[in-house]
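So the chains spell out like this:
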Amino acid sequence: MANLVEKAKIAAMSVSLTKAWQYLDKDPENNIPKLMDMVDKVAPEGWYESQREAFRKAIADKTNWYELMMKVWNLDPGVRNAFFKNFIVNASLSGSARQEEVKAQEGCNVPWVILLDPTSACNMHCTGCWAAEYGNRLNLTFEELDSIVTQGKELGTYMYIFTGGEPLVRKKDVIALCEKHSDCEFLNFTNGTLIDEAFCQDVTSEEFFDMIIDAGALFVWFFHYMPVGSGAAPQLLPSPEQREKVYRKIREYRSTKSIFSMDFQNDAEYVGGCIAGGRRYLHINAKGDVEPCVFIHYSNANIRECSLLDALKSPIFMAYHDGQPFNKNMLRPCPMLENPEKLRAMVKETHAVSTDYESPESVDTLCDRCRPYAENWKPEADRLWEQCGK
């Protein structure tokens, strides 16, 4: 009975928010505070509470985050409304509620987002690219992609990111999938063929941030190099000093620039550590292997041979479920990069196999490669974590 009541509350909130969103169109600047009042009244207890408070403060103080909200509102109405329905209502409200329900029923992780490789083919061959380890001849059929999204929605997952390879090699199928599942939010990772060394040196500069804001960007997502595969180049890993610079710069611009800046390796404190293993996301490569992380190429399950739920209950995924978080220091969240012995143990104990088909890599080789970085970063990470009072 309690479950039915909770579902009814979520459904009622979705309807209320949709009507309020339509109401905003009349006078968004003056009606946004009223929308927040409505959200507070109907939201389930604890639902994104700290985020709602941050939104309310941004509105009251007219900060850079308020500027970002207004930029979202100034998007094409069709794009704006689809984003609200698919990202806010489906993925973050009703979807999250369903995910929690399945987690409790099945005793395993359920992801908020799934990364999908439609193909391993790419028009580039970049040094250090983890995706190149799969080769360039693998593909998931449209029917397989469709099945993954259909199963995902049954578990409450409405957020999907296309990776690769270069996803737009399969442009027709990518667009068809988006059209068929128009209730989902889709993002596409595509290569940047004009990136050069000077650009790479400049991506954390204030000039770069201002340039992409002026170009209309609403969010930016930073990743640093991950030394995966037989062709890995550990010399591309940032030094502790470089990583600290990125850590500080992104936080500085986050408080002053009207763009949502995300730092994949340094923002673990906001999500409670590693989000892989289906805790918040997973990766399915172009051969169908269900991997705990886009950078962790070991698996016990293939989507062509089992359901998505069965994959989430596979040994390597349950090892993630039982072991997270992998470190109390949220600046050392990853079981590979900052805690390589954790990954070594999980892969061996679960008998997960390498999914790098071009040149399979043993977990010992990978973890031995990561150990020097982990040891060098630990003192700086501990110092930074202590400084921020954690």
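Structural notes, computed from the coordinates. Keep in mind it's a predicted model, so treat the numbers as computed, not measured.

## Considering the sheet that holds strand β1 (residues 113-116)
Turning to step 1, where the next piece is worked out: Across the sheet, five strands lie side by side as β3-β2-β1-β6-β7; this open sheet has mixed pairing. Looking at which strands have only one partner, the edges of the open sheet turn out to be β3 (185-188) and β7 (290-291).
Turning to step 2, where the next piece is worked out: With four bridges joining them, strand β2 (residues 159-162) and β3 adopt parallel strand pairing. Note on β3: the bridge partner recorded for isoleucine 161 is leucine 187.
Turning to step 3, where the next piece is worked out: Of the strands in this sheet, β2 and β3 are in contact with helix α5 (residues 77-106), which crosses β3 at around 110 degrees.

## Considering the side chain of asparagine 285
Turning to step 1, where the next piece is worked out: Residue placement: asparagine 285 occurs in the loop between β6 (281-284) and β7.
Turning to step 2, where the next piece is worked out: Among the polar contacts listed, one links the side chain of asparagine 285 to the backbone nitrogen of lysine 287, at a separation of 2.9 Å.
Turning to step 3, where the next piece is worked out: A distance of 3.0 Å separates the side chain of asparagine 285 from the backbone nitrogen of aspartate 289, its partner in a polar contact.

## What to know about the side chain of serine 120
Turning to step 1, where the next piece is worked out: Along the chain, serine 120 falls in the loop between β1 and α6 (142-155).
Turning to step 2, where the next piece is worked out: From its side chain, serine 120 meets the backbone nitrogen of arginine 137 in a polar contact 3.3 Å long.

## Regarding the environment of leucine 331
Turning to step 1, where the next piece is worked out: Its location among the elements puts leucine 331 in the loop between α12 (315-323) and α13 (340-350).
Turning to step 2, where the next piece is worked out: Given a relative accessible area of 0%, leucine 331 falls into the buried group.
Turning to step 3, where the next piece is worked out: In contact with leucine 331, not counting residues within four places along its chain, are Arg243, Tyr247, Asn266, Glu338, Trp377, Ala381, Leu384 and Trp385.

## What about the packing of aromatic side chains?
Turning to step 1, where the next piece is worked out: For the structure shown, the criterion picks out 15 aromatic pairs.
Turning to step 2, where the next piece is worked out: An angle of 25 degrees between the planes, with centres 4.7 Å apart, marks the rings of phenylalanine 223 and phenylalanine 264 as stacked. Taken together, the residues phenylalanine 223 in the loop between β4 (219-222) and α10 (240-254) and phenylalanine 264 in the loop between β5 (260-263) and β6 connect sequence positions 41 residues apart.
Turning to step 3, where the next piece is worked out: A relative accessible area of 23% means that phenylalanine 264 is categorised as partly exposed.
Turning to step 4, where the next piece is worked out: An angle of 90 degrees between the planes, with centres 5.5 Å apart, marks the rings of tyrosine 320 and phenylalanine 326 as edge-to-face. Comparing tyrosine 320 with phenylalanine 326 shows no difference in burial state: the two are buried.
Turning to step 5, where the next piece is worked out: Site record: aromatic cluster; members linked through ring pairs are Phe189, Trp221, Phe223, Phe264 and Phe295.
Turning to step 6, where the next piece is worked out: Directly above the aromatic system of tyrosine 66 lies the positively charged group of lysine 62, at a separation of 4.9 Å from the ring centroid.
Turning to step 7, where the next piece is worked out: If you follow arginine 80 out to its NZ or CZ, it ends over the ring of tryptophan 73, 4.0 Å from the centre.

## Re the pairing of β5
Turning to step 1, where the next piece is worked out: As paired elements, β4 and β5 share four bridges and run parallel to each other. Opposite phenylalanine 219, over in β5, you have phenylalanine 260 as the bridge partner.
Turning to step 2, where the next piece is worked out: Handedness of the crossover is the feature at issue here: the chain leaves β4, passes through α10, returns alongside β5, and the resulting connection is right-handed.

Cut-offs and rules
Residues numbered from 1 in each chain as written. Predicted model: local features only at pLDDT ≥ 70, side-chain atom pairs only at ≥ 80, totals over all residues. Heavy atoms only, no water. Pairing = 2+ DSSP bridges. Helix = DSSP H or I, 4+ residues; strand = E, 2+ residues; numbered from the N terminus. Contact = heavy atoms within 4.5 Å. Axes fitted to C-alpha atoms, helices over the stretch in contact; angles between N-to-C directions. Polar contact = N/O pair within 3.5 Å; in protein donor to acceptor, adjacent residues only side chain to side chain. Buried < 20%, exposed > 50% of the residue type's maximum accessible area, 1.4 Å probe, protein only. Phe/Tyr/Trp six-rings, centres within 6.5 Å; stacked < 30°, edge-to-face > 60°. Lys NZ or Arg CZ within 6 Å of the ring centre and 35° of its normal. Right-handed = clockwise from strand over helix to strand, strands pointing away.

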